[in-house]
Amino acid sequence: MGLLVDIVLQGHGTTNDGNTARKFFKNFEKSAKITNIDEELIKKFGNILMVLASDYEIDTESFKNYCLDTAKYYITLYPWYNMPASVHKILIHGADVIQHALLPIGQLSEEAQECRNKDFKIFRQHHSRKNSRINNNEDLVHMLCVSSDPVISSLRNVLKKNILKLSDEAQNLTMIHPVVVRQKKRMMRGGDLAKDEKPKHRVQKFRSEWKTDKNFRYWIERDTDETKAKCTFCKVSMVSEGYFSLLTDESTDIGTIKTACVVVRYYDKGSKRIESTFWELHNVFDSNNPSSATAQHLYNGLINT
């Protein structure tokens, strides 16, 4: 198959990367002959990894049964070799992790962070001041914020990405048929569609129902612009139309109290530039229960702001 397995690459780790694994599991018949491992077992492992790497919502019950059958099949074939810890986590506990995840497990991968390493190197080398470390890091953060801004990102032409094609067994472990998801992704990209085919963006205007809502009625009012709302306390106008993003980070004060700051970034049509507005501080965990600093608690705190 032309694979270099476990070969050291200077400055790049080893050859054991995602492409090597995908080629190994795709050609499971030839991989079984080379490694003398059961062909059906390699195929089952390939289906499991394929589903985990996809962006599709997974049927946890079907996935759990499939993983348990694979684990029993593994023990039947190779009782003399203890199951590795990583394989045990996926086969025995993988369905539980997927069930409690807020997003499909494939969307929680670190590919996005890894892709930013290249931008990090380019920005530091070519687009940041070199007269001090503070200025260098400040310019680097500014470039990262600009390049990740939702308004600017929406104007960038997105390269076509090969959609992962699942096998028939892998499709049975998902909740949504891949063809439907593929069509939605194409609509979301929008670059391939004609102008009249692109989805229309509905302009959000100020709604009178907001003034009767218990969460808004004490501080919200209509601005002179019908697409904006105004806070009665701080007199800050908030845009209700267009893209926006949330930035959040936690910090510990001198009283050892952890709080998370929420900042809203959006494009203001009035000033015709990207604005960053402080939104709120919320506790990372309950003072009476330090163990409450869970992902669900942070998510609820962000939503409740």
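Note that this is a predicted model, so its numbers are computed, not measured.

Cut-off values and rules
Residues numbered from 1 in each chain as written. Predicted model: local features only at pLDDT ≥ 70, side-chain atom pairs only at ≥ 80, totals over all residues. Heavy atoms only, no water. Helix = DSSP H or I, 4+ residues; strand = E, 2+ residues; numbered from the N terminus. Buried < 20%, exposed > 50% of the residue type's maximum accessible area, 1.4 Å probe, protein only. Contact = heavy atoms within 4.5 Å. pLDDT = per-residue confidence, 0-100. Axes fitted to C-alpha atoms, helices over the stretch in contact; angles between N-to-C directions. Parallel < 35°, antiparallel > 145°, perpendicular 65-115°, else oblique. Left-handed = near helix turned anticlockwise from the far one by under 90°. Core = buried A, V, L, I, M, F, W, Y, C linked by side-chain atoms within 4.5 Å. Polar contact = N/O pair within 3.5 Å; in protein donor to acceptor, adjacent residues only side chain to side chain.

Visitor: What should I look at first to understand the overall build of the protein in this one?
Guide: Assigned secondary structure in the protein consists of 11 helices and eight strands. Counting over 305 residues, the protein shows a buried share of 25%. Within the protein, residue pairs in contact and separated by at least 24 positions form 39% of the contacts whose partners lie at least 6 positions apart.

Visitor: Would you mind showing me how to read the confidence of the model for the protein here?
Guide: It should be kept in mind that the predicted coordinates are not to be read in detail where pLDDT is low. Mean pLDDT over the protein works out to 78, with 82% of the residues at or above the 70 mark. Ranking the elements of the protein by mean pLDDT puts helix H10 (residues 178–189) last, at 43, and helix H4 (residues 60–77) first, at 93. Here residues 178–191 scores under 50 on pLDDT; set against residues more than four positions off or in separate chains, the count is 15 contacts.

Visitor: So what exactly am I meant to see when it comes to the packing of helix H3 (residues 39–53) against H4 here?
Guide: Taken N-terminus to C-terminus, the directions of H3 and H4 make an angle of 150°; their axes are 10 Å apart at the nearest point. Relative to H4, the element H3 lies roughly antiparallel. Our pair here, H3 against H4, has a crossing hand that is left-handed. Counted together, Glu40, Leu41, Lys44, Phe45, Asn47, Ile48, Val51 and Leu52 of H3 and Phe63, Tyr66, Cys67, Thr70, Tyr73, Tyr74 and Leu77 of H4 form the full contact between these two elements.

Visitor: Explain the nonpolar core to me, please; I cannot follow it from the model alone.
Guide: The tendency in soluble globular proteins is for nonpolar side chains to be buried side by side. Grouped together as the largest cluster of nonpolar side chains are 20 residues, with contacts concentrated most on Phe45, Ile48, Val51, Leu52, Ile58, Phe63 and Leu91. If you list the elements that add at least two residues to this core, you get H3, H4 and helix H5 (85–100). Dropping the residues within four chain positions of it, Leu52 is found in contact with Ile58, Phe63, Ile90, Ile98, Ile105 and Gly106. Counting seven residues, the second-largest nonpolar core is a separate cluster that includes Trp210, Trp219, Ile220 and Met238.

Visitor: Looking at this model, I keep getting lost on the environment of Ser54. Mind explaining?
Guide: Tracing the sequence through the fold places Ser54 in the loop between H3 and H4. Looking at Ser54, the relative accessible area reads 3%, which means it is buried. Separated by 52 residues in sequence, Ser54 and Gly106 place their C-alpha atoms 5.0 Å apart. Looking at Ser54, its side chain comes within polar contact range of the main-chain oxygen of Val51, at 2.7 Å.

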